[in-house]
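Observations on chain architecture
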Amino acid sequence: MKDVVNKIVDKYPASVFKNRKQHIVLVDHDTEEPQTITANTRTIPGIITSRGCCYAGCKGVVIGPIKDAITITHGPIGCAYYSWLTRRNKAKLEGNETDNFLQYCFSTDLQEGDIVFGGEKKLKQAITEVVETFHPKNIMICSTCPVGLIGDDINAVATWAEAQYGITVIPFSCEGYKGVTQSAGHHIANNQIIKKIVGTGNREVGKYSINILGEYNIGGDSWEIERVLKKIGYDVVSVMTGNGSVENMSNAHKANLNLVQCYRSINYIADMINTKYGADWLKVNFIGLQSCVDSLRDLAKYFDDPALVARTEAVIAEELAEVQPIIEKYRPVCEGKTAAMYVGGSRALHYQYMFNDLGMDTVLAGFEFAHRDDYEGSDVIPFIKEDADSKNIESLHLEPDEQKYRLFIPREKFEKLRQEIPLNYFGGMIKFMNNGSVVVDDINHYEIDEFIKILKPDIFCAGIKEKYQIHKMGVFSKQLHSYDYSGPYAGFKGAANFARDIAMGLTAPVWNMIQPPWKTEPMLEGYYIKEVV
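Quick summary incoming for the structure in this document. (Residues numbered from 1 in each chain as written. Predicted model: local features only at pLDDT ≥ 70, side-chain atom pairs only at ≥ 80, totals over all residues. Heavy atoms only, no water.)

With that settled, the discussion passes to the overall build of the protein chain. For the protein chain, the helix and strand inventory stands at 21 helices and 13 strands. A compact globule built from 533 residues would reach a C-alpha radius of gyration of about 24 Å, and the protein chain, at 24 Å, matches this within 12%. On the principal axes, the C-alpha backbone points of the protein chain span a range of 85 × 65 × 45 Å. In the protein chain, which comprises 533 residues, the proportion classed as buried is 57%. The long-range fraction of contacts in the protein chain, counting pairs at least 24 apart against all pairs at least 6 apart in sequence, stands at 76%. With an accessible surface of roughly 23,400 Å², the protein chain has 53% of that area assigned to carbon and sulfur atoms. Where the 57 positive side-chain charges of the protein chain centre and where its 68 negative ones centre are 2 Å apart. (Helix = DSSP H or I, 4+ residues; strand = E, 2+ residues; numbered from the N terminus. Rg over C-alpha atoms; globule rule 2.2 N^0.38 Å. Buried < 20%, exposed > 50% of the residue type's maximum accessible area, 1.4 Å probe, protein only. Contact = heavy atoms within 4.5 Å. Areas by Shrake-Rupley, 256 points an atom, 1.4 Å probe, with all protein chains shown as cover. Lys, Arg positive; Asp, Glu negative; His and termini not counted. Charge placed at Lys NZ, Arg CZ, Asp CG, Glu CD.)

With that settled, consider the packing of aromatic side chains. Summed over the entire model, instances satisfying the criterion amount to 22 aromatic pairs. Aromatic pair Tyr12 and Tyr446: ring centres 5.6 Å apart, planes at 80°, arrangement edge-to-face. Linking Tyr12 in the loop between helix H1 (2-9) and helix H2 (14-21) with Tyr446 in helix H18 (residues 445-455), this pair joins segments that are 434 residues apart in sequence. Here Tyr263 and Trp281 contribute two aromatic rings whose centre-to-centre distance is 6.2 Å and whose plane-to-plane angle is 45°, an arrangement assigned as tilted. Of this pair, Tyr263 sits in helix H12 (residues 263-277) while Trp281 sits in strand S9 (residues 280-283), and the two are 18 residues apart along the sequence. Of the two residues, Tyr263 and Trp281, both sit in the buried class. An aromatic cluster of at least three residues, connected via ring pairs, comprises Tyr208, Tyr234, Tyr302, Phe303 and Phe408. Positioned above the aromatic ring of Phe414, the side-chain terminus of Arg411 is 4.3 Å from the ring centre. (Phe/Tyr/Trp six-rings, centres within 6.5 Å; stacked < 30°, edge-to-face > 60°. Lys NZ or Arg CZ within 6 Å of the ring centre and 35° of its normal.)

Now for the packing of helix H15 (residues 347-357) against helix H20 (residues 491-506). When two helices pack together, you describe them by how their axes are tilted relative to each other and by the distance separating the axes. Interhelical geometry of H15 versus H20 gives an angle of 75° and a closest axis separation of 11 Å. Classified by the angle their axes make, H15 and H20 are roughly perpendicular. Residue-level contacts link Tyr351, Met354 and Phe355 of H15 to Ala495, Phe498 and Ile502 of H20. (Axes fitted to C-alpha atoms, helices over the stretch in contact; angles between N-to-C directions. Parallel < 35°, antiparallel > 145°, perpendicular 65-115°, else oblique.)

Core analysis: the biggest nonpolar cluster contains 118 residues, and Leu229, Tyr234, Met240 and Ile269 have the highest contact counts within it. Residue contacts for Leu229: discarding those within four places in its chain leaves Ile210, Ile212, Tyr234, Val236, Leu259, Phe286, Leu296 and Leu299. Counting 23 residues, the second-largest nonpolar core is a separate cluster that includes Val16, Ile24, Ile44 and Ala462. (Core = buried A, V, L, I, M, F, W, Y, C linked by side-chain atoms within 4.5 Å.)

Next up on the list: the sheet that holds strand S3 (residues 106-107). On the basis of which strands lie adjacent, the open sheet formed by four strands has the order S3-S2-S4-S5 and parallel pairing. Where the open sheet ends on each side, the last strands, each with one partner, are S3 and strand S5 (168-172). Looking at chain direction, strand S2 (residues 69-74) and S3 are connected through two bridges and run parallel. The partner of Ile72 across the bridge, within S3, is Phe106. On the sheet, helix H6 (residues 120-134) packs against S2, S3 and strand S4 (138-143) and is oriented at approximately 155° with respect to S2. (Pairing = 2+ DSSP bridges.)

Below, the structure is given as structure tokens:
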């Protein structure tokens, strides 16, 4: 396989060859040296990448699902339209809630004249119209590329609006060109949430109080996860940010434990809450049956209550009894097949657990916007060198809050417990994958084609930008950024939905109508060299 990888990157010029080779790892658990990978670096100019921008990470991922805040995109209309419910973040009113603005799209629609003369006046006008029409309690402002280039001061406008209308207005300077991927936008959003929202509420919480971090309720995932957790007896204080609200997030500091689902998009705030308020975080995965079971048991172990443990086991047994027959119905269709994945967030790891439940092996996996710790685990963080691009993002240095900092469990118990469950720790994707499988960071269209020809996966899970390219190769592609209008896929019932959709896709007759390239093109290439005498 190493020769195959070399053959793929051999097509590049020398400088590109060296760069791309560092982004590809063949998993080898028998080697004594830790396997390293290059990540979170700029995409090589000219390569067709699938990454998104800083604005996409801030507004499109983290801020977009918040239902009780109106988010105004300060920039051209295309940016706002691009991020308008494209990830299918679902939200509904619950309890005494009155505001759900997710169905609306707000933009200052900057034109050429605004770029020349400045857009602050137009932003103030937009805020005024929003306040008069919708009367929101919270407004968020997300800036895009032109705003950063012309120097509009959205922080000053936010301060003006708060004084003018007496509401919360939070600016996010998330111009698309900041950072190297949408990961920069995650970081910016995390910073503002901890600075402006978390710690401002004061509701009473239950004994088993938790936050769910990095869950965006795509296709209803969060509702399914919350259903199971509440059934066991947990008090879900807030979800960041699927079906989430500013009001609930303001109380996040009160929870006794944070559950981290998507590590990349929310690990910043998990660490900052731990530093400022004392609450630990636990890496969980609610994608796949066995991973759900393991995460629920780890969670119960943290709270160390025999009654909670018993209730957890009872709910697990009840849920499995309902969905396992459905999984077993579809398993024969999927068993023995192979999968490849290239998705954002932690999904390229999470869904490997789901494929394992179906008897499928993952032969290739990669992330769009990962850092080295997504691949190699938390242990590598102290060795990651900060580069110029990373320095564009504010790094908050927090201290324990004198009034609100508290430890739920003694540190002696914490040190013992973290040997058993992933407390304040993420192991990374490489450790989980099978020997001989391929890990690729920031894969491009050319490499997708070549790896499909070599590995011949039965399914290649990716995003909308890659889906139709993969279909043209004669391979089924399941879109895991927004689930292709299906879902939920999280939790026990979500696993049954996923098994159904994968079995349906694999058996679709359309694949018999497409000739993949390796059936019509030679797989070996040769050259004649004419000797000149």
